[in-house]
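Understanding the architecture of this molecule
Now for the letters of each chain:
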Amino acid sequence: MIAYAYLNHQDGAAARTYSDKLLAQYPDSITAIKLTGLVDRLLGDFTSWSTLLNTRLAKRPTDHDLLLQSAYEAEDESDFPRARKALQQIIDSGKATSVDYNILAWLGLFDGHVDAASIEAGQQANSLTKSSSFNVIHTLACLYAAQGKTTEARQLLLDGMAASNLAEPNSAVWLGFGSIYEQFGADDAAIRSE
């Protein structure tokens, strides 16, 4: 808890003291690994974070939590192909959750990989969600907008607002609408919406 308090105050050096102690005492604890990863992210120490994960993945290469943390680490380094690879391993294991599929779909928006595989991942995330999830709906809407499927994107954004009881669009919804406006060449409207 002390490490999380320091993280909340953006004091990575102080948080490191406690995360290192926790990790030394419980080297295979996913809580300790996640906490240490958060500290490494805050400090920009991606080498340490990657080493931490790769050492454990060498022993447990199919561990869902480790692979997901590896995807987060790669995403934070803007290494989207490596993040997708880690997520694909989770999906190939047959143990993927809607969150895993949603993250994989969302990554496509960052490096121009809005393709059939991204759409399929977004649709799978949506089908696995027991109740309407704003994040999942929003991801799929943004993917559709990027592909020029503006009617589908608009409807999903409205569905996401309804699922979240939003009377007015929030910043995430405006991002989606901005992507739709861009498809129509209405760059001024896109800028104002974002």
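Attention here is on the structure that accompanies the text. Bear in mind that the values here come from a model prediction, so they are computed numbers and not experimental data. (Residues numbered from 1 in each chain as written. Predicted model: local features only at pLDDT ≥ 70, side-chain atom pairs only at ≥ 80, totals over all residues. Heavy atoms only, no water.)

A few words on the pattern of salt bridges. The full count for this structure, using the stated rule, is ten salt bridges. Two residues, Asp45 and Arg16, come together in a salt bridge whose shortest N-O distance is 3.7 Å. Highlighted residues: Asp45 in the loop between α3 (30–43) and α4 (46–59) and Arg16 in helix α2 (residues 12–25), separated in sequence by 29 residues. Owing to a relative accessible area of 29%, Asp45 belongs among the partly exposed residues under this scheme. The salt bridge partner of Arg60 is Asp63, with a shortest N-O separation of 3.5 Å. On the basis of relative accessible area, Asp63 is assigned to the partly exposed category, the value being 22%. (Salt bridge = Lys/Arg side-chain N within 4 Å of Asp/Glu carboxyl O. Helix = DSSP H or I, 4+ residues; strand = E, 2+ residues; numbered from the N terminus. Buried < 20%, exposed > 50% of the residue type's maximum accessible area, 1.4 Å probe, protein only.)

This brings us to the side chain of Arg84. Take Arg84: it is sitting in helix α6 (residues 80–92). On the basis of relative accessible area, Arg84 is assigned to the buried category, the value being 16%. There is a polar contact of 2.9 Å between the side chain of Arg84 and the side chain of Asp111. If we ignore the near neighbours within four places in the chain, the residues touching Arg84 are Leu104, Leu107, Gly108, Asp111 and His113. (Polar contact = N/O pair within 3.5 Å; in protein donor to acceptor, adjacent residues only side chain to side chain. Contact = heavy atoms within 4.5 Å.)

With that settled, the discussion passes to the packing of aromatic side chains. Inspection of every chain in the model, using the stated rule, returns five aromatic pairs. With a centroid separation of 6.3 Å and 25 degrees between ring planes, the pair formed by Phe46 and Trp49 is classed as stacked. Separated by three residues within a single helix, Phe46 and Trp49 lie in helix α4, roughly one turn from each other. Three or more aromatic residues joined by ring pairs form one cluster here, namely Phe80, Trp106 and Phe110. (Phe/Tyr/Trp six-rings, centres within 6.5 Å; stacked < 30°, edge-to-face > 60°.)

This next bit is on helix α10 (residues 150–163). If you check α10, its first and last C-alpha atoms are 20 Å apart, about what 14 residues at 1.5 Å a residue would give, namely 20 Å. Considered for burial, the residues of α10 that qualify are Thr150, Ala153, Leu156, Leu157, Gly160 and Met161. All buried residues of α10 fall inside an arc of 140 degrees around its axis, so they share one side. Among the exposed residues of α10, those pointing more than 90 degrees away from its buried face are Thr151 and Ala162. Buried positions along α10 lie against α9 (134–146) and α11 (171–183). Positioned one or two residues after α10, Asn165 has a phi angle of 55 degrees, which is positive. (Expected span 1.5 Å × (residues − 1). Arc of directions from axis to C-beta.)

Let us look at a nonpolar patch on the surface. Side chains of Ile2, Tyr6 and Tyr18 sit close together on the surface and give an oily, nonpolar patch of about 260 Å² of accessible area. The residue Ile2 is located in helix α1 (residues 2–8) in this model. Using a relative accessible area of 45% as the deciding quantity, one classes Ile2 as partly exposed. (Patch = residues over 30% accessible without salt bridge, like charges linked within 9 Å, V, L, I, M, F, W, Y side chains within 5 Å. Areas by Shrake-Rupley, 256 points an atom, 1.4 Å probe, with all protein chains shown as cover.)

So, about the side chain of Asp40. Mapped onto the elements, Asp40 comes out in helix α3. Non-local contacts of Asp40, meaning those with residues more than four positions away in its chain, are made with Arg16, Asp45, Ser48 and Trp49.

Interhelical geometry of α6 versus helix α7 (residues 98–107) gives an angle of 155 degrees and a closest axis separation of 10 Å. Compared by their axis directions, α6 and α7 come out roughly antiparallel. Two packed elements cross with a definite hand, and for α6 against α7 that hand is left-handed. The segment α6 lies against α7, with Phe80, Ala83, Arg84, Leu87, Gln88, Ile90 and Ile91 engaging Asp100, Tyr101, Ile103, Leu104 and Leu107. (Axes fitted to C-alpha atoms, helices over the stretch in contact; angles between N-to-C directions. Parallel < 35°, antiparallel > 145°, perpendicular 65-115°, else oblique. Left-handed = near helix turned anticlockwise from the far one by under 90°.)

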